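# Topology and contacts: notes
For reference, the chains in residue letters:
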Amino acid sequence: MSSIPSKNLWIRRQQCPCGDWKCYITYEGDGHGDEGSSAPELVKTEKPSSGTMITPYVGMVFKSDDDAFEYYGSFARKNGFSVRKERSRISPQLGVYKRDFVCYRSGFAPMKKKSNGENHRDRKSVRCGCDAKMYLSKEVVEGVAQWCVVQFSNVHNHELLEDDQVRLLPAYRKIHEADQERILLLSKAGFPIHRIVKMLELEKGIQGGQLPFLERDVRNFVQNRKKVVQENGALLSEKRENDALELLEACKAMKEADGDFVYDFTVDENDKVENVAWSYGDSVNANAMYGNVVYFDTTYRSIAYGLLFGAWFGIDSYGRTIFFGCCLLQDETPQSFAWALQTFVRLVSGRCPQTILTDLDPRLGDAIKSKFPGTKHVIPLWNILYKIPTWFSLLLGSRYEEFKFEFDVLFHIESTEEFELRWSQMVSVFGLGSDKHIDLLYSVRASWAQSYVRGYFLARMSTIPYSKSIDAFLKEIFTEHSCLRVFFDQVGISANFQHQSRQEIQYIHLKTCLPIEEQARGILTPFAFNALQQELSLAMQYATTEMANGSYIVRHFKRMDEERLVIWLAEDEQIHCSCKEFESSGILCRHALRVFVVKNYFQLPDKYYLTRWRQECSSLVDVDHNNQSIGGEWFQEYQSMAETLFSESSITKERSDYLRRELTKELTRILNEVRNLPETDGDCMNMTV
């Protein structure tokens, strides 16, 4: 029986072109094939160059026996036969010092006996006693080992094959790694063997029968891989159960060592661990400030354990990716996702996020609708674009590029009515009315199309740089692990590193020399200021036209068709742009900034500097959690109240404005009263933080 893989390998999930979400995986890293199996060793069988090869000869020297075998194999293929390794001889001093390579038809097949003792042959053997061979001997010259040809014969007692025939010899019929992955993926989706072969031929653009392997090779490969999985199934189940219990013990130990650590789990009807979720004290604190927008990543699954890994991320005031918590799930059903979402809220915040970003997975979307009815679900464009070629390139052929352009236009349309009209036109033009992937994209359009997503707060988390930062974090976690306990420790190390990293103080030069820019530099973090500074620089390229009602039409000086409506309410100093950039990112857009400049504003109203992007926001979160005990219990109580206060006030603009107004008055009053108190009463208090 095959042994269990010694490493906990992880795969990155992607949907199969068949559309079956059970087949929503592709293989990466060191793991290839079904769960619990490892990729077979591949023999290199590159076709030799078209140039003339030198026929091996006695005295020919090679650096190694492998080089010699590869050369002899290339020579054999060009000459219509294949070779195999025969005998080798070993000595205590030299190790292997003799190698015999022979024609594939060398020797004779042994006779087999039936149970009744009669001699018989199961099938006709290709071996016919051919004497073609190449024998080598190892020699050590000046301390360097080399292999020398001591015998060579190219005399065959059988016909040599043409090139279109020799490629079908077993030695050259190898299923390479990429094809193995594709075959297993399609097999999991339920494709029969002959359909898999046809699919590979179409994808490679070759005629039928021109693959470097036969249909029976594909059938044997699939059957052997299934056999390995079945043999390992029982052992994997036992290992998974034991390692899951060890993971729970690690969570309990962490809770005893750190009271701020939180975790939860479920068990099935047999009391076996089903789902586990955990988070850390720093993550809980960060979520209180930045948890109104979260990204839930579910792109990795363990090959060895069959568990889905989910992780929650956010973004802090410096634009850094922050880790909120994670979970291991038994499966990818809406029930498991619902448990993960509810548990996350219970562990870290007690309130649902305002916006949640995820991958394109209908089951996860259903769970969000059920458990987070008031939360906006957003699927970033980069989680859709990588699926588009797989779904439509083969289907549309030469029209794919035209389709891709039209899809990009659809994504950026701002009017829902126009989106619906052009979507219908696109489906009709490309004949996609019955395509299930088009149906899927349309069913979740409210989560990805700009016309439906515009205006919801995303905190700049739907950008490509942010997706790359998440990938970088996950790659740190998914190195090789021997068990779940080691994986748990690695998650803790990576999460701690994220929270301990500090943003270096940056001095950012002014570009426009406008008073607004100088004011913003003193209020915003470098990340937020860079974004505002870029918008302010671009604002100078726009012209404004004031309308009768006091609103403005803002147009680019070259692209006159690119215009925005900016509504100005003078009594409240409120500004609203039709692009809704401020509502989405919390940073004023170039159109609104242009109006402020035209209206001779030297400073922006305080309401347009969100707490999330202010420098003082990061100072509150960066307070070392371990120092909360300094100054007594009152300091812990104060910090807890402050975190709750800022968390609750960030939900709406009205709350935020009220907090800023009232808190300033109260802190000023308290500060004046403290200053009027005696400076000493005989007791010295250590208040250093």
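Above this text is the structure in question.
Every value quoted in this text rests on a predicted model; they were computed, and no experiment measured them.

With that out of the way, let us pick up the packing of helix α10 (residues 388-396) against helix α13 (residues 436-443). Two elements in contact, α10 and α13, have axes whose closest approach is 10 Å; the angle formed by their N-to-C orientations is 140 degrees. What the angle tells us is that α10 and α13 run oblique. When you trace α10 past α13, the crossing you get is left-handed. Of the residues in α13, those touching α10 at Ile388, Trp391 and Phe392 are His437, Ile438, Leu440 and Leu441.

Okay, the nonpolar core next. The biggest cluster of nonpolar side chains holds 77 residues, and the ones touching the most others in it are Trp278, Phe309 and Leu588. Residue contributions to this core peak at six residues, all from helix α18 (residues 526-539). Beyond its immediate sequence surroundings of up to four residues, Trp278 is in contact with Leu247, Phe261, Val262, Tyr263, Gly325, Cys326, Leu328, Leu347, Phe488 and Val491. Met289, Tyr290, Phe324 and Cys617 belong to the second-largest nonpolar core, a separate cluster that totals 28 residues.

On the surface, a cluster of nonpolar side chains totalling about 370 Å² of accessible area is made up of Leu667, Ile670, Val674 and Leu677. Among the structural elements, Ile670 can be located in helix α23 (residues 653-676).

Attention shifts here to the packing of aromatic side chains. In the structure shown here, the tally under the stated rule is 37 aromatic pairs. Here the aromatic rings of Phe596 and Tyr601 are separated by 5.1 Å at their centres, their planes lie at 70 degrees, and the arrangement is edge-to-face. Overall, the relative accessible area of 0% leaves Phe596 in the buried class. Following the ring pairs from residue to residue traces out a cluster consisting of Trp391, Phe392, Phe403, Phe407, Phe419, Trp423, Phe430, Tyr442, Trp448 and Tyr452. Positioned above the aromatic ring of Tyr172, the side-chain terminus of Arg77 is 4.9 Å from the ring centre. Looking at Arg445, its charged tip hangs above the ring of Tyr442, at a distance of 3.9 Å from the centre.

The rules behind these values
Residues numbered from 1 in each chain as written. Predicted model: local features only at pLDDT ≥ 70, side-chain atom pairs only at ≥ 80, totals over all residues. Heavy atoms only, no water. Axes fitted to C-alpha atoms, helices over the stretch in contact; angles between N-to-C directions. Helix = DSSP H or I, 4+ residues; strand = E, 2+ residues; numbered from the N terminus. Parallel < 35°, antiparallel > 145°, perpendicular 65-115°, else oblique. Left-handed = near helix turned anticlockwise from the far one by under 90°. Contact = heavy atoms within 4.5 Å. Core = buried A, V, L, I, M, F, W, Y, C linked by side-chain atoms within 4.5 Å. Buried < 20%, exposed > 50% of the residue type's maximum accessible area, 1.4 Å probe, protein only. Patch = residues over 30% accessible without salt bridge, like charges linked within 9 Å, V, L, I, M, F, W, Y side chains within 5 Å. Areas by Shrake-Rupley, 256 points an atom, 1.4 Å probe, with all protein chains shown as cover. Salt bridge = Lys/Arg side-chain N within 4 Å of Asp/Glu carboxyl O. Phe/Tyr/Trp six-rings, centres within 6.5 Å; stacked < 30°, edge-to-face > 60°. Lys NZ or Arg CZ within 6 Å of the ring centre and 35° of its normal.

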